[in-house]
Amino acid sequence: MSHGPSLFDLHFPDSPDFELERRHAAAFNGALCGVDEAGRGPWAGPVVTAAVVLDYDNLPDGLNDSKKLTEAKREELFDQIVARAHVCTASASPATIDTLNIRAATLSAMVRAVNGLALVPDYVLVDGRDVPRGLQQPGQALVKGDGRCLCIAAASIVAKVTRDRMMVRLEGHVPGYGFAQHKGYGVPQHHAALAELGPSDHHRMSFKPVRIAGS
């Protein structure tokens, strides 16, 4: 299987087009899969990926790029997506990120998310510029895909909500860093906590601010 640009290369406009995407999905027996991630940039916690195959006859209302939605709307849509679509998530730990690097860890997790779907997709659309090696089906990278494609938007919501919930739970295991508030991103509160407490086992030591704090 070639992992370069797909020979099919589906067209998507700059904003979601339901009828166009529905036709694309029909060309692949409805098994069109969107893939996205959450958490490439934070200093702590896992990167989480999601793969979603939508039912275009039963779509949740208001699907959009997760970054454009309120937390309450993301939570509402998450429950609807999980109830109405085929969904699988996969993550990579800070240790894996430090070993492989964030890009490779993310792409590996994306493959595991796709492979974990109960419905095997026929075509995969990935947000960004990379098609992960290891996919068993044709794949296409779509820059800013979470704002152009409904199935990628759904994946972005699932990945974001899943990771946010993980970081809230992590706060209970390693209090003091503020993970429940900033989700591991490099905000001033997190920087101050690192300076005072040093890195935890859940920090990414390959990220420069964490490495400096731990030296």
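Thresholds applied
Residues numbered from 1 in each chain as written. Predicted model: local features only at pLDDT ≥ 70, side-chain atom pairs only at ≥ 80, totals over all residues. Heavy atoms only, no water. Axes fitted to C-alpha atoms, helices over the stretch in contact; angles between N-to-C directions. Helix = DSSP H or I, 4+ residues; strand = E, 2+ residues; numbered from the N terminus. Parallel < 35°, antiparallel > 145°, perpendicular 65-115°, else oblique. Left-handed = near helix turned anticlockwise from the far one by under 90°. Contact = heavy atoms within 4.5 Å. Nonpolar A, V, L, I, M, F, W, Y, C, P; charged D, E, K, R; others polar. Buried < 20%, exposed > 50% of the residue type's maximum accessible area, 1.4 Å probe, protein only. 1 Å grid on protein atoms, 1.4 Å probe; cavity = no way out; pocket = protein on both sides within 12 Å on 5 of 7 lines; lining within 4 Å. Points joined across faces, edges and corners; volume = space filled by probe spheres on them. Pairing = 2+ DSSP bridges. Phe/Tyr/Trp six-rings, centres within 6.5 Å; stacked < 30°, edge-to-face > 60°. Lys NZ or Arg CZ within 6 Å of the ring centre and 35° of its normal. Salt bridge = Lys/Arg side-chain N within 4 Å of Asp/Glu carboxyl O.

Enquirer: Explain the packing of helix α2 (residues 71–84) against helix α5 (residues 150–173) to me, please; I cannot follow it from the model alone.
Expert: When two helices pack together, their arrangement is captured by the angle between the axes and the distance separating the axes. It is at 9 Å that the axes of α2 and α5 come closest, and there the two elements cross at 115°. Taken together, the axes of α2 and α5 are roughly perpendicular relative to one another. Seen from above, α2 lies across α5 with left-handed handedness. Across from Arg-74, Glu-75, Leu-77, Phe-78, Asp-79 and Ile-81 in α2, the residues of α5 making contact are Ala-154, Ile-157, Val-158, Lys-160, Val-161, Thr-162, Asp-164 and Arg-165. Across the contact of α2 with α5, the residue classes tally to 7 nonpolar, 1 polar and 6 charged.

Enquirer: Help me out: how do you make sense of the side chain of Gln-80 in this one?
Expert: Mapped onto the secondary structure, Gln-80 falls in helix α2. For Gln-80, a relative accessible area of 18% gives the class buried.

Enquirer: Quick question: what am I supposed to make of empty space enclosed by the protein here?
Expert: One way to see where empty space is left: roll a probe the size of a water molecule over the atoms. All told, the structure shown has 1 cavity of 30 Å³ or more when counted by the stated rule. Considered as a void within the structure, the largest cavity measures approximately 30 Å³ in volume. If you go around the largest cavity, the residues you meet are Glu-71, Arg-74, Glu-75, Val-161 and Asp-164. Sorting the residues of the lining of the largest cavity by element identifies α2 and α5 as the ones contributing at least two each. In terms of residue count, the dominant contributor to the lining of the largest cavity is α2 (3 residues).

Enquirer: Explain the pairing of strand β4 (residues 123–127) here, please?
Expert: Of all 5 residues that make up β4, 5 are buried, and the element is covered over most of its length. Alternating residues of β4 divide into Tyr-123, Leu-125 and Asp-127 and Val-124 and Val-126, and every residue in both groups is buried. Two strands pair when backbone bridges link them, and β4 and strand β5 (residues 139–142) are joined in this way by 4 bridges, in the parallel orientation. Directly across from Val-126, in β5, lies its bridge partner Ala-141.

Enquirer: So what exactly am I meant to see when it comes to the packing of aromatic side chains here?
Expert: Working definition: an aromatic ring pair is given by the centre-to-centre distance plus the angle between the planes. Taken as a whole, this structure holds 2 aromatic pairs when the rule is applied. Between Phe-28 and Tyr-123, the aromatic rings sit 4.6 Å apart at their centres with planes inclined by 20°, giving stacked as the arrangement. Placement of the pair is Phe-28 in the loop between α1 (18–27) and β1 (32–38) and Tyr-123 in strand β4, with a sequence separation of 95 residues. Of the two residues, Phe-28 and Tyr-123, both sit in the buried class. Plain terms: the ring middles of Tyr-177 and Phe-179 are 5.4 Å apart, the flat faces sit at 10° to each other, and that makes the pair stacked. Note on Phe-179: relative accessible area 0%, which makes it buried. Here Arg-165 stacks its cationic end above the ring of Phe-78, 4.4 Å away from the centre of that ring.

Enquirer: What am I meant to see in the environment of Ile-157 here?
Expert: Following the sequence through the fold, Ile-157 ends up in helix α5. Expressed as a C-alpha distance, the spacing of Ile-157 and Val-210, which sit 53 residues apart in the sequence, is 27 Å. Residue contacts for Ile-157: discarding those within four places in its chain leaves Leu-63, Asn-64, Ser-66, Leu-69, Arg-74, Leu-77, Phe-78 and Ile-81.

Enquirer: What exactly am I supposed to notice about the pattern of salt bridges here?
Expert: Pairs can form between side chains of opposite charge whenever their charged atoms are close. Taken as a whole and assessed by the stated rule, the structure comprises 7 salt bridges. Here Lys-67 ties to Asp-65 by a salt bridge, and the two come within 3.2 Å at their closest N and O atoms. The class of Lys-67 is exposed, set by a relative accessible area of 64%. Of the charged contacts, one joins Arg-165 and Glu-75 as a salt bridge, the two residues approaching to 2.5 Å between their closest N and O atoms. Of this pair, Arg-165 sits in helix α5 while Glu-75 is found in helix α2, placing the two residues 90 residues apart along the sequence. Within the structure, one salt-bridge network assembled from shared partners comprises Asp-65, Lys-67 and Asp-146.

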